[in-house]
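These are the residues of each chain, in order.
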Amino acid sequence: MTIDSGDTAWVLASAALVLLMTPGLALFYGGMVRAKSVLNMMMMSFGAMATIGVTWCLWGYSEAFGNSWHGLIGNPFQHFGLSNLLSGDAAIFGYKAAAAGVPAHGGIPALAFVAFQAVFAIITVALISGAIADRAKYSTWLIFTVVWATIVYFPVANWVFAFDGYAAEKGGWIANSLKTIDFAGGTAVHINAGAAGLVLALVLGKRIGFAKDPMRPHNMTMVMLGAALLWFGWFGFNAGSALGANNTAAVAWVNTFAATAAACIGWLATERIRNGHGTSLGAASGIVAGLVAITPACSSVTPLGAVAIGILAGVLCALAVGLKFRFGFDDSLDVVGVHLVGGIIGTLAIGFFASASAPAAVDGVFYGGGFDQLWRQAVGAGAVLVYSFVCTGLIGLALHKTLGFRVDRDAEVSGIDLQEHAETSYDLGSLGGGGGGLVHAGPAMFGSHTTEAHTTEAGTMSSTTTSSPTNHQGASS
Amino acid sequence: MRLVTAIIKPFKLDEVKQALEAYGITGMTVSEASGYGRQRGHSEVYRGAEYKVDFVPKVRVEVVVDDVDASDVMMVILKAAQTGRIGDGKIWTVPVEDVARVRTGERGLDAL
């Protein structure tokens, strides 16, 4: 099988674009929390890049795209350690182009597909972290990322993304039997992460002072930069999902662009009417809501359909973020309101707005296609939602009861950055952290010091390390 | 000697500084402060959630002056800082027992 250089170049570039979304998400989330927990918030995303990056290479890819067992889960041993994939013979065709009636004119190397799907797994896991901001024990979070990906994400990716005869002979049930259209992951990524975020927020409980104390974003410029990077990277996410440099990719690109612009307007208009002002956080949130909603739909609607979906997502998500106060769950950064609700809107909207003139070649309700596609969309969305909710609940409870998933009260009040990472994010005053001095600088012998506590003149701040040979750059900076 | 402390709106700092210089005051200490008086704070809305922000950014200006100048200096600051709208700030004075200039060791009024 020949490898098409143009397709391969686009998929590899898209993979890098999608990887950039996760640091973008870290900025987006990081700016929204208080200054005392920004580092932990960003580290939850960066940690997912590390843990899922390794997990993907070991068994993740194989579990998602190995030969599927009854359409439910890929064979985790078939490509364990990415084995049997290195030769050029392992090239695979852009199936979505073929499905769209565009003749597949070449293939991409299997490892290009591995790279592209790897970064999907990372961003999906990282998305969840926004629901449990300011309070999750970092070690438990890292363990959660691996367990959750293994039990929830990899199987669901198999259901949704693994087409028969593409990466393996047998693919997943949603893609091949149910035939839900989910081009780039409205179900597997956004509904999945949103449902997981909801149940984790319930397991961990509310932050101290939720809905009482001010918890306003500490740095809106970071949020805006993060939203911009997400939008940029999302072109890789959606247009890259064509798995080729072709018309499908171009349609997906423009739809991604149109829906996102419309959603920004929708969110701002909602705020202007409800609160009197369009806010910068509203613009950033509207952008993300639009990106989420168009993700499943970007190959199956026209640009006008994309604008309609974008406006719907902007307005409905702007309303949905208020639900947590009504129902009293602390989904801190609105993973539910934006990703779960946006993912459901986008997945169901295909049933209405799909047009046979788009590459996916399916008509929805509004284009005379009847309700056939709509019920497939609803069943696909519901299946992923329920599976993610139940499994995440069990994983979350198990980790919470054994390892503990929440930092203690003092750490949460004084700031999780200091407790979990022995760092503080900002050193804006000329006094710096204040007092003290360099206590120890590496390289050090392991175990050369055990416990230390420093007191600054401004109050007590103790950093305790057990037996690590780390650099302690001064008492507090 | 007396310490004159003024809490003013941040954007009025330059006018206050110029007025004090014109009066003949040769130095001052300025720091950022936050707080509220009768005007209370303002509200901010994030994703539809409205937060009341009570502590409004202010600037604190401190000047140590001779007893006989204290009342005039207060009025100089007051005129320069006044907008007539709520949140203009407060000015007060307290007695100062002694002052020393660090560079020369001069004491009392000579150190001002």
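Residues numbered from 1 in each chain as written. Chains lettered and ligands numbered in written order. Predicted model: local features only at pLDDT ≥ 70, side-chain atom pairs only at ≥ 80, totals over all residues.

Trainee: Can you lay out the overall build of chain A for me, pointing to particular residues and giving the numbers?
Mentor: Across its full length, chain A holds 16 helices and six strands. Counting all 477 residues of chain A, 56% fall into the buried class. Residue pairs in contact within chain A that sit at least 24 positions apart in sequence constitute 74% of those at least 6 positions apart. (Helix = DSSP H or I, 4+ residues; strand = E, 2+ residues; numbered from the N terminus. Buried ≥ 20, exposed ≤ 12 C-beta atoms within 10 Å, placed from the backbone. Contact = placed C-beta atoms within 7 Å.)

Trainee: Can you tell me about the packing of helix α5 (residues 138–161) of chain A against helix α14 (residues 372–402) of chain A, naming the residues and giving the values?
Mentor: For any two helices packed against each other, one specifies the inter-axial angle together with the distance between the axes. Residue and element names in this part refer to chain A. Following both chains from N to C, one finds α5 and α14 inclined at 150°, their axes separated by 10 Å at the closest point. Regarding the angle of α5 to α14, the classification is roughly antiparallel. In terms of crossing hand, the pair formed by α5 and α14 is right-handed. For the pair formed by α5 and α14, the contact residues are T140, I143, F144, V147, W148, I151, V152 and V156 on the first element and V384, Y387, S388, C391, T392, I395 and L399 on the second. Its residues placed into classes, the contact of α5 with α14 shows 12 nonpolar, three polar and no charged. (Axes fitted to C-alpha atoms, helices over the stretch in contact; angles between N-to-C directions. Parallel < 35°, antiparallel > 145°, perpendicular 65-115°, else oblique. Left-handed = near helix turned anticlockwise from the far one by under 90°. Nonpolar A, V, L, I, M, F, W, Y, C, P; charged D, E, K, R; others polar.)

Trainee: Before we move on, could you go through the pairing of strand β5 (residues 56–65) of chain B and cite the residues and values that matter?
Mentor: The side chains of a regular strand alternate between the sheet's two faces. Residue and element names in this part refer to chain B. The sheet contact formed by strand β1 (residues 2–8) and β5 spans seven bridges and is antiparallel. Within β5, the residue paired with T5 across the bridge is E62. Summarising the sheet, strand β2 (residues 29–35) and β5 pair through seven bridges and their orientation is antiparallel. Across the sheet, residue E32 finds its bridge partner in β5, namely V59. (Pairing = 2+ DSSP bridges.)

Trainee: Report on helix α13 (residues 335–353) of chain A, specifying residues and quantitative values.
Mentor: For α13 of chain A, spanning 19 residues, the distance from its first C-alpha to its last is 25 Å, which sits close to the expected 27 Å at 1.5 Å a residue. With 19 of 19 residues buried, α13 of chain A lies mostly within the body of the structure. (Expected span 1.5 Å × (residues − 1).)

Trainee: How would you sum up the environment of A167 of chain A? Please name residues and give values.
Mentor: All names here are of chain A. Position of A167 relative to the elements: it lies in the loop between α5 and α6 (173–178). Judged by the 27 C-beta atoms lying within 10 Å of it, A167 is buried. Along the chain, A167 and N67 lie 100 residues apart, while their C-alpha atoms are 8.1 Å from each other.

These values are about where atoms sit, not about what they do.
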